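Structural description and commentary
Each chain is listed here by its residues.
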Amino acid sequence: MGCCLGTLACCIGSAACSLCCSCCPSCKNSTSSRIVYALFLLIGTIMSLIFLAPGLRDSLDKIPALCKSTLFSDPILKKKTCDSLVGYGSVYRICFAMASFFFLFMVLMIKVDSSKDPRAKIQNGFWLFKFLIIVGIVVGAFFIPGGPGLDGATFEQG
C-alpha cells in the first residue's frame, strides 16, 4: 500500500513519468517533460477531433440533464447550450485553452537557463497541478459567452 501511495505521490513531483514509464530506460528530466507536454498537445488534439464528430450533437440530445434540462425553459436556449459544446466553436475554445496554458508557461520560463533554476522545477514537475490547470482553462473557455466579436476574433486567430 505504501509503495502505491508513493508512486501516486510522484504525480505531483518531478518524477511523474516513473509511474507510467518505470520499465523504460532512464532519461533526463527535460526529456521526460517534453514527452509529457507533447502528450498534453496530443490529448488536446484528440479532444478537438471528438468535438468535431458528426454524431456528437445527436448523442448530446439523448443525455436528459444536458440539453433537455429544466434549468432553461426556452427551447432556443437549450439548443444553443448543446450547439456551443460541439463544432468548430468548441475546437477553437479548446485550442484557445491550450494556447493560453502554453503561453502562461512560456512567460513563467523566461530567462531560465538551466535545470538548477528554481523555476525549472515548475517546468519539469507538478504534473497533476498542470493537468488540473489545463482542464480548468478548457472548462472556463466554454463559459466565455459567444457572439459576433468573440467568434470573429477566434476565427481570425485560428
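Residues numbered from 1 in each chain as written. Predicted model: local features only at pLDDT ≥ 70, side-chain atom pairs only at ≥ 80, totals over all residues. Heavy atoms only, no water.

1. Digging into the overall build of the chain
When you go through the chain residue by residue, the secondary structure sums to nine helices and zero strands. Starting at the N terminus and walking to the C terminus, you meet the elements of the chain as α-α-α-α-α-α-α-α-α. Going through the 158 residues of the chain one by one, you find that 22% of them count as buried. Contacts in the chain between residues far apart in sequence, at least 24 positions, make up 67% of those at least 6 positions apart. On the chain, roughly 10,700 Å² of surface is accessible, and the fraction owed to carbon and sulfur atoms is 72%. (Helix = DSSP H or I, 4+ residues; strand = E, 2+ residues; numbered from the N terminus. Buried < 20%, exposed > 50% of the residue type's maximum accessible area, 1.4 Å probe, protein only. Contact = heavy atoms within 4.5 Å. Areas by Shrake-Rupley, 256 points an atom, 1.4 Å probe, with all protein chains shown as cover.)

2. What to know about the packing of aromatic side chains
Under the criterion given, the structure shown has 10 aromatic pairs. Centre to centre, the rings of Phe40 and Phe131 are 6.3 Å apart; their planes meet at 45 degrees, and the pair counts as tilted. Of this pair, Phe40 sits in helix α3 (residues 29-51) while Phe131 sits in helix α8 (residues 127-141), and the two are 91 residues apart along the sequence. The exposure class of Phe131 is partly exposed, given its relative accessible area of 37%. Among the aromatic residues, those joined into a cluster by ring pairs are Tyr37, Phe40, Phe101, Phe102, Phe105, Trp127 and Phe131. (Phe/Tyr/Trp six-rings, centres within 6.5 Å; stacked < 30°, edge-to-face > 60°.)

3. A short note on the packing of helix α6 (residues 88-108) against α8
Axis separation between α6 and α8 bottoms out at 8 Å; the angle between their running directions is 140 degrees. By the angle class used here, α6 and α8 are oblique. Here the hand of the crossing between α6 and α8 comes out right-handed. Residues Arg93, Ile94, Phe96, Ala97, Met98, Ser100, Phe101 and Phe105 of α6 lie in contact with α8, whose contacting residues are Lys130, Ile133, Ile134, Ile137, Val138 and Ala141. Split by residue class, the contact of α6 with α8 holds 11 nonpolar, one polar and two charged. (Axes fitted to C-alpha atoms, helices over the stretch in contact; angles between N-to-C directions. Parallel < 35°, antiparallel > 145°, perpendicular 65-115°, else oblique. Left-handed = near helix turned anticlockwise from the far one by under 90°. Nonpolar A, V, L, I, M, F, W, Y, C, P; charged D, E, K, R; others polar.)

4. Here we look at unusual backbone geometry
Not every positive phi belongs to a glycine, and Lys111 is a case in point at roughly 65 degrees. For Lys111, the position within the fold is in the loop between α6 and α7 (118-124). On the basis of relative accessibility, which here comes to 68%, the residue Lys111 falls in the exposed class. One non-glycine residue, Phe126, lies in positive phi territory at about 60 degrees. Mapped onto the secondary structure, Phe126 falls in the loop between α7 and α8. Taking relative accessible area as the criterion, Phe126 reaches 36% and is therefore assigned partly exposed.

5. What about the nonpolar core?
If you look at the biggest cluster of nonpolar residues, it comprises 11 residues: Val36, Tyr37, Phe40, Ile94, Ala97, Met98, Phe101, Phe105, Trp127, Ile134 and Val138. Contributions of two or more residues to this core are made by α3, α6 and α8. Looking at this core, the element that brings in the most residues is α6, giving five residues. In this structure, Phe101 is in contact with Tyr37, Phe40, Lys130, Ile133, Ile134 and Ile137, ignoring residues within four places of it in sequence. (Core = buried A, V, L, I, M, F, W, Y, C linked by side-chain atoms within 4.5 Å.)

6. Overview of the environment of Phe105
With respect to the helices and strands, Phe105 occurs in helix α6. The spacing of Phe105 and Lys130 is 25 residues in sequence and 9.8 Å in space, taken between C-alpha atoms. Excluding anything up to four places from it in sequence, Phe105 contacts Tyr37, Ile122 and Lys130.

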